[in-house]
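Understanding the architecture of this molecule
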Amino acid sequence: MSHPEQRRGFLAKAFAVVCGGLATMVPVGAGLWAFLDPLRRSAGVAKFLPVAELAAIPDDGVPRQYPVITDRVDAWTGFAAEPVGAVYLRREKGATEVQALSATCPHAGCFVEMEPTGRCFRCPCHNSTFTLDGGIVAPSPSPRAMDALDCRVGKNGEVEVKWQKFRAGIAGKEVQG
Amino acid sequence: MSHDVDRTAAAQARKGIMGQLGDFLDDRTGYRALVHEALYERVPGGARWRYVWGSTLVFAFMTQVITGLFLWASYSASAQTAWESVYYIQHEMAGGWLLRGIHHFMAQAMVVLLALHLLQVVIDGAYRAPREVNFWLGLVLMLLVLGMALTGYLLPWDQKGYWATIVATNLAGIVPFVGPSLQQLVIGGPEYGHHTLTRFFALHAGFLPGALIVMLVVHLSLFRKHGLHAKQPITRPDAMFWPDQVLKDAVAMLAVMAVVLGVILMPALRAMLAGDAVVPGELGAELGAPADPSLPYAAARPEWYFLFLFQFLKVFEGWGATGEFFGAIVVPGLIMGVMFLMPILGNWKLGHRFNVAFTLAILAGVGLLTALALNEDYYALWVDKASLAEAEKIYDQTGGDPEKLAAALGNDSAKINAMEQQWKKLERVRHSQAFLEASRQAKADAARAIELAGRPEKIPPAGMLELVRQDPKSQGPRLFAQHCAGCHAHVDPLAANAEAVIAKSSAANLHGFGSAQWMRGLLDPAQVAGPAYFGNTAHKEGDMVNFVQNDLTDEAEWSKADIDAVVAAMAAEAGRAVPKELVGLVDKGRELVASTDRCGSCHTFRDNGTELGSAPDITGWGGREWLVGIIADPTHERFYGDNNDRMPSFGKATEGALPPLSGEQIGLLADWLRGDWYRPAGH
């Protein structure tokens, strides 16, 4: 085989690979482009949502669970005033401030519940236990205490909670999404 | 020459039409050689039962492809249709329960067969040269199968699949660097919803099985290239794959299918033996209540073959974030790493023994963790609870306080240690009981959702969750527990624990409120000041108690028939069933209730002219409108006015704030208290 023929052979091969590759890359690329769309989506700016009335929260230091109701969008479906999760609110004797804790376990995201004894929180999945103010009870599988949510009391006594989700399974409290 | 032609023609004639067609096709496709190659593989040392595992796995996968495609033909992946379409398959389509049951249990059989196949390959050393690549392919196939199991669990979009997926995807989120993006890609956005389902479905039915089929083709062709790894020493003559080994394989496949069918049909057999009706929709795979992100699901557990991973996360208590990273990522990653290295380790002098020991140790560890997980959840079922009665009593007395315990046991450290051990046991029992209760609740919720879905009106376009959220029977107990049970009891007075529950309450027992039986108790001098009525309230010494205890006991004024008549009239007012023997008394009762010499002297009733303010208006007492009114605002002059004891106005909001309960919630409570909810015909 002579040199020009070899060169022609190489060029033909290279050209074949490039053409075939480009042709295949088009559907793969289009697919990936759409598939990666969720990465552009974010949970949006966290809003303060009214969850209860100050006077209706017993001031006995025992946390109580309140549903969080807000408008929600799930891809193409829009929900108006839909329960999206829950928070625990806790008020000390005579206090005009309220502590708000997310009911989502910071370990793996299950729904933390109050022990029937009312003395602590416990996650039904991996037994992470928390004190009534959300502190970690060692030793615990959970890497951090329950997530406190920003909470404010309006002038008419409405308790508003900044509804946010935090990444599970890490030591720091990082907002998710 | 002509002789040859004659012979060919004669041969053609002998072959018949099928033979000629075969020749025609073979001439153009060469299919005979392919079939021959597929079937006439030499099996060194003859066919054996121990060679069937790989074939049963291929069979299990084919079963999943076939049943999966047919399920696909009826499944709809979206947050408002996934549960609904699976419900329809399971409970309404003829044979749907069987199709779904086979798919569900064959998936579990596949995991077991995988473990057996892997174990056999390692024990036989079949990963050694030249089969290393095929061993690696096998491991990849295993991961693909586990991936399909994981993604399939979510597809019915029921509570258990939803919460298990939250845990699984949160674990994906802790992978270093790419974790959060990976998590967001898999769940299709920042929140779980439609795109979580569409993605999981695409993975489950497209990407993963597609990859699996490609890998499986390579796996099988490499298996053929290298030949069967025969059991040594070979003592028997070789045999052919067809029919000797195929027969054994086919028998094993049938046995696997028989086990799967047995698991599906066993409850039907049991029901038939017990003489009960068999409901096909209840056979096979379970369907939980529809996924609800706002409803706690304390019975959240992965499928049994992932329980060891679930339990493994508990091992790292107190390790903080490192523990979860270790338990979910590092250790499983290392184990898979060692398995991938097995063909290389096997070259080392003790390598094979190490590989076998490692595999057995992993399987033993998996078994142990699974057993621990099950023991933790079901502990209360097999522990001797009587032996803990003493510990429970002391716990209640001391409130679990170590100092008080020391004092109670006279500072005897041996006794204190023993008691602390008992307390630990007690805690495990309580956790197990909580799980069992949550499982029971989950079953009840699922049964109710299925009952509602079967209404003649069918499921609304907004989906099943909407229907469950509007169902008084599902929502009533939760709303009551959250908003009312702090004061009110709701317990059947005939129940075993009724007395204790009622004694602890500080307001009336609302079980059967509005019924004749409830009214009879109110008008009973022995009960009216008891804890089930006004006993623990500010009205304990009020006018009503006084009236029942003094006026009603005066038979000259109130005959037994008069009281019966009032009971009948009030039950009728509440829209409740009036006992048969009292039906004739309703009109007389209404006259007594309205009369300004009788009940009407304090209570407004219809148009009796008694002014509001001294006692609640009992027009429509116990009916929906009346209940909604009193729950919304008991301080309204129509009800207790200024005499209201402690009951909050659940429907009243101060300006700018939300009322504690929405109008819809109050309606749900009222309907639930009245027992007014959908019941299927025949119940």
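So, a few notes on the structure that sits alongside this text. (Residues numbered from 1 in each chain as written. Chains lettered and ligands numbered in written order. Predicted model: local features only at pLDDT ≥ 70, side-chain atom pairs only at ≥ 80, totals over all residues. Heavy atoms only, no water.)

1. Structural notes on the overall build of chain A
Just so we agree on the cut-off: Runs of H or I in DSSP of at least four residues are treated as helices and runs of E of at least two as strands, each being numbered from the N terminus. Put simply, the radius of gyration uses C-alpha atoms, and a globule should come to 2.2 Å times the residue count raised to 0.38. Buried, partly exposed and exposed residues are distinguished by accessible area as a fraction of the type maximum, computed with a 1.4 Å probe on protein chains only: under 20%, between the cut-offs, and over 50%, respectively.
Broken down by element type, chain A carries one helix and 10 strands. Start at the N end of chain A and walk to the C end: the helices and strands fall as α-β-β-β-β-β-β-β-β-β-β. Whereas a compact globule of 177 residues would reach a radius of gyration of roughly 16 Å, chain A reaches 27 Å, over 25% beyond that. Counting only C-alpha atoms, chain A reaches 95 × 40 × 20 Å along its principal axes. For chain A, the proportion of its 177 residues judged to be buried stands at 42%.

2. Overview of the interface of chain B and chain A
The parts lose accessible area when they come together, and the size of an interface is often stated as this lost area. This is how it is decided: Only heavy atoms matter for contacts: two residues are in contact if any of them lie within 4.5 Å across the pair. Two parts lose some accessible area (1.4 Å probe) when they are put together, and adding that loss for both gives the buried area. In the sections that follow, a salt bridge refers to a side-chain nitrogen of Lys or Arg positioned within 4 Å of a carboxyl oxygen of Asp or Glu. The term polar contact refers here to a pair of N or O atoms within 3.5 Å; inside protein, the definition further demands a hydrogen-donor-capable atom paired with an acceptor-capable atom, and it admits residues adjacent in sequence only when both atoms are side-chain atoms. For this classification, the nonpolar set comprises Ala, Val, Leu, Ile, Met, Phe, Trp, Tyr, Cys and Pro, the charged set comprises Asp, Glu, Lys and Arg, and every other residue, Gly included, is treated as polar.
Taken together, the contacts link 57 residues of chain B with 53 residues of chain A. Both sides of the chain B and chain A interface together cover about 4,500 Å² of buried area, and 56% of this is carbon and sulfur. R469 of chain B is the salt-bridge partner of E82 of chain A, the closest N and O atoms lying 3.2 Å from each other. Our count for the contact surface shared by chain B and chain A stands at 17 residue pairs in polar contact (both at pLDDT 80 or more). Breaking the side of chain B that touches chain A down by element, the ones donating at least two residues are α7 (159-172), α8 (179-187), α9 (194-226), α11 (307-315), α12 (321-345) and α16 (413-453) of chain B. The element that contributes the greatest number of residues to the side of chain B that touches chain A is α8 of chain B, accounting for five residues. A class-by-class count of the residues in the side of chain B that touches chain A yields 25 nonpolar, 21 polar and 11 charged.

3. A short note on the packing of α11 of chain B against α12 of chain B
Residues and elements named next belong to chain B. Formally: What counts as an axis is a line fitted to C-alpha atoms, over the stretch in contact for a helix, and the angles between N-to-C directions run from 0 to 180 degrees. Small angles under 35 degrees read as roughly parallel and large ones over 145 as roughly antiparallel, with 65 to 115 read as roughly perpendicular and the rest as oblique. Two helices crossing with the near one rotated counterclockwise from the far one by less than a right angle form a left-handed crossing, whereas a clockwise rotation gives a right-handed crossing.
One can describe the packing of α11 onto α12 by two numbers: an axis separation of 7 Å at closest approach and a directional angle of 130 degrees. Relative to α12, the element α11 is oriented oblique. Between α11 and α12 lies a crossing of right-handed hand. Here α11 contributes L309, F312 and L313 to the contact with α12, which in turn contributes E324, G327, A328, V331 and P332. By residue class, the composition of the contact of α11 with α12 is six nonpolar, one polar and one charged.

4. Quick look at the pattern of salt bridges
One pass over the full model with this rule turns up 38 salt bridges over all chains. Here D292 of chain B ties to R469 of chain B by a salt bridge, and the two come within 2.8 Å at their closest N and O atoms. Placement of D292 of chain B in the loop between α10 (241-273) and α11 and of R469 of chain B in helix α17 (residues 464-469) is noted, with a sequence separation of 177 residues between them. The residues D292 of chain B and R469 of chain B share a single accessibility class, namely buried. Here E573 of chain B makes a salt bridge to R590 of chain B, at a shortest N to O gap of 3.9 Å. Taken together, the residues span a long stretch of sequence, with E573 of chain B in helix α22 (residues 560-573) and R590 of chain B in helix α23 (residues 586-594) at a distance of 17 residues. Each of R72 and E82 of chain A together with D292 and R469 of chain B takes part in a single network of salt bridges with overlapping partners.

5. Notes on the packing of helix α6 (residues 132-154) of chain B against α9 of chain B
All names here are of chain B. Look at α6 against α9: their axes get within 9 Å of each other, and the N-to-C directions meet at 160 degrees. Comparing the axis directions of α6 and α9 gives the class roughly antiparallel. Here α6 runs over α9; the crossing is left-handed. Residues that form the contact of α6 with α9 fall into these classes: 21 nonpolar, eight polar and no charged.

6. Overview of the sheet that holds strand β3 (residues 77-90) of chain A
All names here are of chain A. Selection criterion: One bridge is not enough; two strands pair if DSSP finds at least two bridges between them.
Read from one edge to the other, the open sheet built from four strands follows the order β2-β3-β4-β8, with strand pairing classed as antiparallel. Whereas interior strands pair on both sides, the edge strands pair on one side only; in this sheet they are β2 (64-74) and β8 (148-149). Looking at chain direction, strand β4 (residues 99-102) and β8 are connected through two bridges and run antiparallel. Considered in β8, the bridge of A100 is made with L149.

7. Comments concerning the packing of aromatic side chains
Stated precisely, the cut-off is as follows: Centres within 6.5 Å are what make two rings of Phe, Tyr or Trp a pair, Trp counting through its six-membered ring; a difference in plane orientation under 30 degrees is then read as stacked, over 60 as edge-to-face, and the rest as tilted. We call a charge positioned above a ring when the Lys NZ or Arg CZ atom is no farther than 6 Å from the ring centre and deviates by at most 35 degrees from the ring normal.
Enumeration according to the criterion identifies 28 aromatic pairs over all chains in this entry. A centroid spacing of 5.0 Å and a plane angle of 80 degrees characterise the contact between Y395 of chain B and W423 of chain B, whose relative ring orientation is edge-to-face. With Y395 of chain B in helix α14 (residues 389-398) and W423 of chain B in helix α16, the pair connects residues that are 28 residues apart, well separated along the chain. For the residue pair Y395 of chain B and W423 of chain B, the accessibility class agrees, reading buried in each case. Each residue in the set F513, W518, Y533, W621, W626 and F639 of chain B is aromatic and connected to the rest through ring pairs, giving one cluster. Sitting over the ring of F166 of chain A, K173 of chain A keeps its end group 4.9 Å from the ring centre. We note K248 of chain B situated over the ring of W49 of chain B; from NZ or CZ to the ring centre the distance is 5.5 Å.

8. Quick look at the state of the cysteines
What counts here: The term disulfide is used for any two cysteine sulfur atoms that are within 2.5 Å.
Counted by the stated rule, this structure contains one disulfide over all chains. Disulfide pairing places C110 of chain A opposite C125 of chain A at an S-S distance of 2.1 Å. Between C110 of chain A and C125 of chain A, the S-S dihedral sits near -85 degrees, and the bridge is therefore left-handed. Of this pair, C110 of chain A sits in the loop between β4 and β5 (113-114) while C125 of chain A sits in the loop between β6 (121-122) and β7 (129-130), placing them 15 residues apart in sequence. Given a relative accessible area of 2%, C125 of chain A falls into the buried group. Free cysteine C602 of chain B: the closest other cysteine sulfur is in C599 of chain B, separated by 9.0 Å.

In short, geometric facts, not functional conclusions.
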